[in-house]
Amino acid sequence: MISLAARDIGHNWAKFLLTGIGLGLLIGVTLTMAGVFRGMVDDAQTLLTNSGADLWVVQKDTQGPYAESSSLKDDVVRSIAGMPGVLHAANVTYFTMQVSVLRHEGAKETRSMVVGIEPGVLHLPGQPSHLLAGRHLTKSHYEAVVDVKTGFKIGDKIQIRRHVYEVVGITQRMVSSGGDPMVFIPLKDAQEAQFLKDNDAIVNERLRTALNPSFNRPSVPGLLDAVQNLQTSSRHVNAVLVRVLPGWHPDFVAEPIRRWKHLTVYTRDDMEEILVKKLIATSAKQIGMFLVILAIVSAAIVAFIIYTMTLGKIREIAVLKLIGTKNFTIAWMILQQALGLGAIGFVVGKIAATIWAPIFPKFVLLLTEDALMGFALTMLICALASTLAIRAALSVDPAQAIG
């Protein structure tokens, strides 16, 4: 009966192969969707790993700089650095925006996460790693290190808010939780870019302050200037990244900071839970729904094709039953065809997903265990889809062979 199944496939090989390719493209989409989810999780974990931090100190009652807004005074880092168990502490800012590169033919924009760091201090957490070319930040202003995914090159001039920065270094795999490439600039520039208003807003704010009699008192000279200077200076950061001393547990270091500094502190496990289980939870559910729909569609296609092929050889099946062929043998022949269709589809799908995954704008991570699970599910779906055709074949009357 194995040869009979092979002969039947060989008789309709074109239809069988084209169906397998069509099914394979559908399986390729399914594997890619799973890879997109894996890529989202990997981006989140890579963000935390590349930060080099053991603790994230953020504004009280917020969920950190990646999930929601957080604002701290930049002098908080000094008190945190003196806490027991703290090896290094560093201020950092994060904000996402369209960053454009200035060229003669026009401006090219890319959506990036701009990160403000202390320049020239490589041992602090938050510094870019995996440099492919160039150098790290050494000046306090107007230099940038960018991820290779931005498409920028060494020497490019990029526009961030009101200022122009020169790209001095290219890094790799430095992305946000959403997959946006990172652009590192000096902390003072990042504070100005994120928290300061534009020039027109500053002028209007100064006018409002000057018209306020509480701040413009003739008897208190210098008060108005002090207030206006305060309004045009930025002393805020989004988080303080902390690296603990070897041998210290992060939870033990975090507890005194929470208690005495009245701030929220997250460990690596806490941040993973926020990013993976909360921030991308909706996207994960949506991808899961797509996977279920694709599985149902795949099962329907296999069932329809196998059922059609079975109806096309009703007379042959009747002859087999007439000469005494067992029902198990006939069912096994149809099941073989369904499994063969699934095997061809999976091979085509795996090849297709591997080819087009690097083209996706988001990172697609194709894992071996996902492929193995996908193969097992494909075989299971094909086996279940063949039951309709098997039932039709077993109900054939042997008299139809001579009728």
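A brief structural summary. From a predicted model like this one, the values you see are computed outputs, not experimental measurements.

Here we look at the overall build of the protein
Looking only at helices and strands, the protein has 13 helices and 12 strands in total. Residues counted as buried form 43% of the 403 residues belonging to the protein. Summarising the internal contacts of the protein: among those between residues at least 6 apart in sequence, 75% fall at separations of at least 24. For the protein, the exposed surface amounts to about 20500 Å²; the carbon and sulfur share of it is 62%.

As for the pairing of strand E6 (residues 143–147)
Working note: regular strand, side chains alternate between the two faces of the sheet. Taking burial as the measure, the 5 residues of E6 include 5 buried ones, the bulk of the element. Covered by surrounding structure in E6 are Glu-143, Val-145 and Asp-147 together with Ala-144 and Val-146, the residues of both alternating faces.

A short note on the packing of helix H2 (residues 13–51) against helix H8 (residues 268–279)
Two elements in contact, H2 and H8, have axes whose closest approach is 10 Å; the angle formed by their N-to-C orientations is 150°. Taken together, the axis directions place H2 and H8 in an arrangement best described as roughly antiparallel. Once H2 is placed against H8, the crossing between them reads as right-handed. From H2, Val-41, Ala-44, Gln-45, Leu-47, Leu-48 and Thr-49 reach across to H8, where they touch Arg-268, Met-271, Glu-272, Leu-275 and Val-276. Its residues placed into classes, the contact of H2 with H8 shows 7 nonpolar, 2 polar and 2 charged.

Some words on the packing of helix H9 (residues 281–311) against helix H12 (residues 368–385)
The geometry of H9 relative to H12 is characterised by a closest axis approach of 8 Å and an angle of 45° between their N-to-C directions. As judged from the angle between their axes, H9 and H12 are oblique. Taken as a pair, H9 and H12 cross one another with a handedness that is right-handed. In this structure, H9 contributes Ala-295, Ser-298, Ala-299, Val-302 and Ala-303 to the contact, and H12 contributes Ile-381, Cys-382 and Ala-385. Residues belonging to the contact of H9 with H12 are distributed by class as follows: 7 nonpolar, 1 polar and no charged.

Section: helix H10 (residues 314–322)
Residues Ile-314, Ile-317, Ala-318, Leu-320 and Lys-321 constitute the buried set of H10. Each buried residue of H10 sits inside an arc of 160° when the element is viewed along its axis, so together they form one side.

Thoughts on the pairing of strand E9 (residues 182–186)
Of all 5 residues that make up E9, 5 are buried, and the element is covered over most of its length. Pairing geometry for E6 and E9, over 2 bridges, is antiparallel. Following the sheet pairing, Val-145 is matched in E9 by Phe-184.

Topic: the nonpolar core
Formed by 28 residues in total, the largest nonpolar core has its most connected members in Val-302, Ile-306, Ile-330, Ile-334 and Leu-341. When residues of this core are traced back to their parent elements, those giving at least two are H2, H9, H10, helix H11 (327–356), H12 and helix H13 (387–394). Broken down by element, the residue count for this core peaks at 8 residues, all from H11. Setting aside its immediate chain neighbours within four residues, Leu-341 contacts Phe-16, Thr-19, Gly-20, Leu-23, Val-302, Ile-305 and Ile-306.

Description of the pattern of salt bridges
Any two side chains of opposite charge can pair, on the condition that their charged atoms come close. Going through the model one piece at a time under the given rule, you end up with 9 salt bridges. The partner of Arg-38 in a salt bridge is Asp-370, and the shortest N-O contact between them spans 2.8 Å. With Arg-38 in helix H2 and Asp-370 in helix H12, the pair connects residues that are 332 residues apart, well separated along the chain. Given the relative accessible area of 32%, Arg-38 is considered partly exposed. With relative accessibility at 14%, the residue Asp-370 sits in the buried group. Put simply, Arg-173 and Asp-43 hold a salt bridge, and the shortest N to O gap is 2.8 Å. Placement of the pair is Arg-173 in the loop between strand E8 (163–171) and E9 and Asp-43 in helix H2, with a sequence separation of 130 residues. By sharing partners, the salt bridges in this structure join Asp-42, Asp-43 and Arg-173 into a single network.

Some thoughts on the environment of Pro-398
Mapped onto the fold, Pro-398 is located in the segment after H13. Pro-398 gets classed as partly exposed once you look at its relative accessible area, which sits at 25%. As for Pro-398 and Glu-316, which are separated by 82 residues in sequence, their C-alpha atoms are 9.7 Å apart. Dropping the residues within four chain positions of it, Pro-398 is found in contact with Ala-318, Lys-321 and Leu-322.

About the criteria used
- Within each chain, residue numbers correspond to sequence positions counted from 1 in written order.
- Thresholds applied to this predicted model are a pLDDT of at least 70 for local features of residues and 80 or more for the giving and counting of side-chain atom pairs; totals over whole chains, interfaces and linings are not thresholded and use all residues.
- The basis for every side-chain value is the complete set of non-hydrogen atoms in the structure, without hydrogens or water.
- Helix and strand definitions here come from DSSP, where helices need a minimum of 4 consecutive H or I residues and strands a minimum of 2 consecutive E residues; each element is numbered from the N-terminal end.
- Any residue under 20% of the maximum accessible area for its type is buried, any over 50% is exposed, and the rest in between are partly exposed; the area is computed with a 1.4 Å probe on protein chains only.
- Here a residue-residue contact requires only that any non-hydrogen atoms of the pair lie within 4.5 Å.
- The Shrake-Rupley method, run with a 1.4 Å probe, gives the accessible areas here. Residue values count only the displayed protein chains as cover.
- Axis definition: a line fit to C-alpha positions, over the contact stretch in the case of helices; interaxial angles, taken between N-to-C directions, run 0 to 180 degrees.
- In this scheme, roughly parallel covers angles under 35 degrees and roughly antiparallel covers those over 145, while 65 to 115 is roughly perpendicular and the rest are oblique.
- Handedness of a helix crossing follows the sense of rotation of the near helix relative to the far helix, less than a right angle counterclockwise being left-handed and clockwise being right-handed.
- Note on residue categories: nonpolar means Ala, Val, Leu, Ile, Met, Phe, Trp, Tyr, Cys or Pro, charged means Asp, Glu, Lys or Arg, and polar means any other residue, Gly included.
- The arc in question is formed by the directions pointing from the helix axis toward the C-beta atoms.
- Strand pairing is assigned whenever DSSP detects at least two bridges linking the two strands.
- Each nonpolar core is a collection of buried residues, namely Ala, Val, Leu, Ile, Met, Phe, Trp, Tyr and Cys, held together in the definition by side-chain atoms within 4.5 Å.
- Throughout this description, the term salt bridge denotes a Lys or Arg side-chain nitrogen within 4 Å of a carboxyl oxygen of Asp or Glu.

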